[in-house]
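In case you want the letters, here they are:
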Amino acid sequence: MQETLRRILTARVYDVAVQTPLDPLPRLSARLGRPVLQKREDLQPIFSFKIRGAYNRIATLDAEQLARGVICASAGNHAQGVAFAARKRGTTATIVMPVTTPPIKVAAVRALGGTVILHGDAFDEAFAEASRRAETDGAVFIHPFDDPYVIAGQGTVGLEITRQHSEPIAAIFVPIGGGGLAAGIATIVKFLRPETKVIGVEPVDAACMQAAIAAGEVVTLNQVGLFCDGVAVRRAGSETFRLCRDLLDDIVTVDNDSICAAIKDIFDDSRAVAEPSGALALAGLKAWAAAHPGTAEDGALIAINSGANVNFDRLRHIAERAEIGEGTEALLAVAMADDRAVYSRFLNALDGRSVTEFNYRWSGEGHSGQARAHIFVGVAIKQGPHEKDDLISTLIADGYEVEDMSDNETAKLHVRHMVGGRAAGLPHERILRFEFPERPGAFLKFLNSLRPAWALTLFHYRNHGDDVGRVLAGISVPPAEQPALTAALAELGYPYVDETDNPASRLFLEAV
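These figures come from a predicted structure and were not determined experimentally.

Q: Give a description of the overall build of the protein chain that names residues and reports values.
A: Counting secondary structure elements, the protein chain contains 20 helices and 18 strands. With the C-alpha coordinates aligned to their principal axes, the bounding extent of the protein chain is approximately 90 × 50 × 40 Å. The buried share of the protein chain, reckoned over its 512 residues, is 55%. Within the protein chain, counting contacts between residues at least 6 apart in sequence, those at least 24 apart form 74% of the total. Positive and negative side-chain charges of the protein chain, numbering 51 and 64 respectively, have mean locations separated by a distance of 5 Å.

Q: Explain the sheet that holds strand β18 (residues 496–498) residue by residue, including any values.
A: Sheet architecture is open: eight strands sit in the order β14-β11-β13-β12-β16-β17-β15-β18, paired in antiparallel fashion. Every interior strand has two partners, whereas the edge strands, β14 (401–404) and β18, have only one. Between one strand and the next, the sheet's axes are offset by a mean angle of 20°, whatever the strand orientation. Across the sheet, helix α15 (residues 340–349) is in contact with β11 (329–337), β12 (355–361), β13 (372–380) and β16 (455–462); its angle to β11 comes to roughly 150°.

Q: So, the environment of Ala283: which residues are in play, and what are the values?
A: Within the secondary structure, Ala283 sits in helix α13 (residues 276–291). Separated by 82 residues in the primary sequence, Ala283 and Val201 have C-alpha atoms spaced 8.2 Å apart. If near-sequence neighbours (up to four positions away) are discounted, Ala283 is found in contact with Val254, Ser258, Ile259 and Ala262.

Q: Please give an account of unusual backbone geometry that cites residues and values.
A: Of note, Phe47 is a non-glycine position whose phi angle comes to about 65°, a positive value. Classification of Phe47 by relative accessible area gives partly exposed; the value is 44%. One non-glycine residue, Asp351, adopts positive backbone phi at about 55°. By the element assignment, Asp351 lies in the loop between α15 and β12.

Q: Break down the packing of helix α10 (residues 208–215) against helix α11 (residues 238–247) for me, with residues and values.
A: For the pair α10 and α11, the least separation of the axes is 10 Å and the interaxial angle reads 70°. Here α11 runs roughly perpendicular to α10, going by the angle between their axes. Where α10 abuts α11, its residues Met209, Ala212 and Ile213 lie against Thr240, Phe241, Cys244 and Arg245. Residue composition of the contact of α10 with α11, grouped by class: five nonpolar, one polar and one charged.

Q: Before we move on, could you go through the sheet that holds strand β4 (residues 93–97) and cite the residues and values that matter?
A: Pairing in this open sheet of four strands is parallel, and the strands run β5-β4-β3-β6 from one edge to the other. Every interior strand has two partners, whereas the edge strands, β5 (115–118) and β6 (140–141), have only one. Running at roughly 160° to strand β3 (residues 70–73), helix α7 (residues 123–137) makes contact with β3, β4, β5 and β6 of the sheet.

Q: Tell me about the side chain of Thr91, residues and numbers included.
A: Relative to the helices and strands, Thr91 is located in the loop between α5 (77–89) and β4. For Thr91, the side chain forms a polar contact with the main-chain oxygen of Leu66, separated by 2.5 Å. Setting aside residues up to four positions removed in sequence, Thr91 forms contacts with Leu66, Gly69, Val70 and Ala86.

Q: Can you break down helix α14 (residues 314–326) residue by residue, with the values?
A: With 13 residues, α14 should reach 18 Å at 1.5 Å per residue; the first-to-last C-alpha distance of 18 Å fits that figure. Of all the bends in α14, the greatest measures close to 30° and is centred on Glu320. Buried within α14 are the following residues: Ile318, Glu320, Arg321, Ala322 and Ile324. Those residues of α14 that are buried lie in contact with α12 (256–270), β11, α17 (409–413) and β16. A positive phi of about 75° marks Gly327, the residue just after α14.

Q: Give a detailed account of the pattern of salt bridges, specifying residues and quantitative values.
A: As enumerated under the stated definition, the model contains 36 salt bridges in all. Residue Arg314 pairs with Asp229 through a salt bridge whose shortest N-O separation is 3.4 Å. Of this pair, Arg314 sits in helix α14 while Asp229 is found in the loop between α10 and α11, placing the two residues 85 residues apart along the sequence. A residue is classified by how much of its surface remains accessible, and Arg314, at 23% relative accessible area, is partly exposed. Look at Asp229 and you get buried, because its relative accessible area is 9%. When the shortest N-O distance is used, the salt bridge between Glu357 and Arg416 registers 2.6 Å. Taken together, the residues span a long stretch of sequence, with Glu357 in strand β12 and Arg416 in the loop between α17 and β15 (429–437) at a distance of 59 residues. Across this residue pair, the class does not change: Glu357 and Arg416 are buried.

Q: Tell me what's going on with the packing of aromatic side chains, and back it up with residues and numbers.
A: Throughout the structure, instances matching the rule amount to 17 aromatic pairs. On the numbers, 6.1 Å between centres and 45° between planes, the contact of Phe123 with Phe145 is tilted. One end of the pair, Phe123, is in helix α7; the other, Phe145, is in the loop between β6 and α8 (148–164), and 22 residues separate them in sequence. Phe123 sits in the buried class, given a relative accessible area of 8%. We classify Phe145 as buried; its relative accessible area is 6%. One aromatic cluster is present, built from ring pairs that chain together Phe358, Phe434, Phe436, Phe443, Phe446, Phe459, Tyr494 and Tyr496. Looking at Arg87, its charged tip hangs above the ring of Phe84, at a distance of 5.8 Å from the centre.

Q: Residue-level account of the packing of α8 against helix α9 (residues 180–192), with values.
A: Between α8 and α9, the least distance of the axes is 7 Å, while the angle of their chain directions is 45°. Here α9 runs oblique to α8, going by the angle between their axes. For α8 against α9, the interelement crossing comes out right-handed. Here Ile151, Gln154, Gly155, Val157, Gly158, Leu159 and Thr162 of α8 lie close against α9, whose contacting residues are Gly180, Leu181, Ala183, Gly184, Ile185, Ile188, Val189 and Leu192.

Thresholds, definitions, all that
- Residues numbered from 1 in each chain as written.
- Predicted model: local features only at pLDDT ≥ 70, side-chain atom pairs only at ≥ 80, totals over all residues.
- Heavy atoms only, no water.
- Helix = DSSP H or I, 4+ residues; strand = E, 2+ residues; numbered from the N terminus.
- Buried < 20%, exposed > 50% of the residue type's maximum accessible area, 1.4 Å probe, protein only.
- Contact = heavy atoms within 4.5 Å.
- Lys, Arg positive; Asp, Glu negative; His and termini not counted.
- Charge placed at Lys NZ, Arg CZ, Asp CG, Glu CD.
- Pairing = 2+ DSSP bridges.
- Axes fitted to C-alpha atoms, helices over the stretch in contact; angles between N-to-C directions.
- Parallel < 35°, antiparallel > 145°, perpendicular 65-115°, else oblique.
- Nonpolar A, V, L, I, M, F, W, Y, C, P; charged D, E, K, R; others polar.
- Polar contact = N/O pair within 3.5 Å; in protein donor to acceptor, adjacent residues only side chain to side chain.
- Expected span 1.5 Å × (residues − 1).
- Bend = angle between axes of the 7 residues up to and from the residue.
- Salt bridge = Lys/Arg side-chain N within 4 Å of Asp/Glu carboxyl O.
- Phe/Tyr/Trp six-rings, centres within 6.5 Å; stacked < 30°, edge-to-face > 60°.
- Lys NZ or Arg CZ within 6 Å of the ring centre and 35° of its normal.
- Left-handed = near helix turned anticlockwise from the far one by under 90°.

Structure, rendered in structure tokens:
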């Protein structure tokens, strides 16, 4: 430990890295009732803390080693750190990256002058290939985490925190992939602030350090999830395991929805967009705080925002899942009689709660002769999990058949988008695309504008944060009553476009 401390205190990271700020998260602090801060490693030149360890290791190379070049394996952030450091030190860098690496990270490495080789589906396969090439080509291998100088470079994050926050710190939460950052931070913090807890955070589907500590030795996971690609490591390092086993106070695991919610928390408070592994520590902080209530007098809770290298198109998934991860949306499958009056009673039973999603398709007569509707509905929840449970109990007591889909991965990823399709027996169906005002009662006003004889055959709505709700609706109206429908919609006043003859409607919704 003394040698690791010496390396941290003499690390050369500031040749390229910056001392990042320790920023408060005021909204989250208010919710948790205690100060929460984030260490902004997303503000490093490569948008990740990895520049510290990579440069600190490469700075130790002599002229002969620099002439041979360096090589590493990385899912992205360490790769950028090595490429940046290699350019600074005047040597060449070869980076082996999994083929699943986000393109933004591949492009960043190439922009820094690194030669990229895409190999394998996960980090471990890329690591094996980089090790092989280091043997055959003679380049110096720069380990992403299990190297004393890399660990020391990452440890400077902890040193900065202790200098920046002189008041009590209850706990520091650190993301863990292979364990370099956690090992470095725990070493320096436990020396300078032994009363402060250092808690590692891993995704539930990539918890290699937790598995190693439980087993008492380094183990290899059969597979890891790739949502948090920056920490998608199957096997912790030997040195990082030794330090983490001895110095970490705990390891918390979190799921992907919780990570998405943490990304939203960071954005809401600082307008920064973290990558999934960058928000991992904050997700763990929130989970730990929920299980360990405290007050401001207990000290601050600090999370490492470890990086911001996220593909823009991944934000669609993150935004979709953040509300579920925060516990502010319940997804329910509800069965009821296929009758507009029943829909109205159902909406009233929600007791003023906002409907965030409503997907329905007419299915015709049921086996009993009574038509049944199966609705996929999202409902905003404001008071925690008990509110969802109370709502479900109320709906069941009112005679509705309810299945909670909030934790159903198939429903969240796929089925919610598949409610619909062709429906037999609808010769006069019109498909209309509406813009609903985003305010309570808009759906009920729409239902009330339709005559009882007009069947609502399709309704697709999802709140995406726009100022208007985008709705696709189907209405079955006899030809003689089409003018009356047009007049009713004009009186309703919601902008709409008739999409009945749209090729998408004809190919996928029209009865065969």
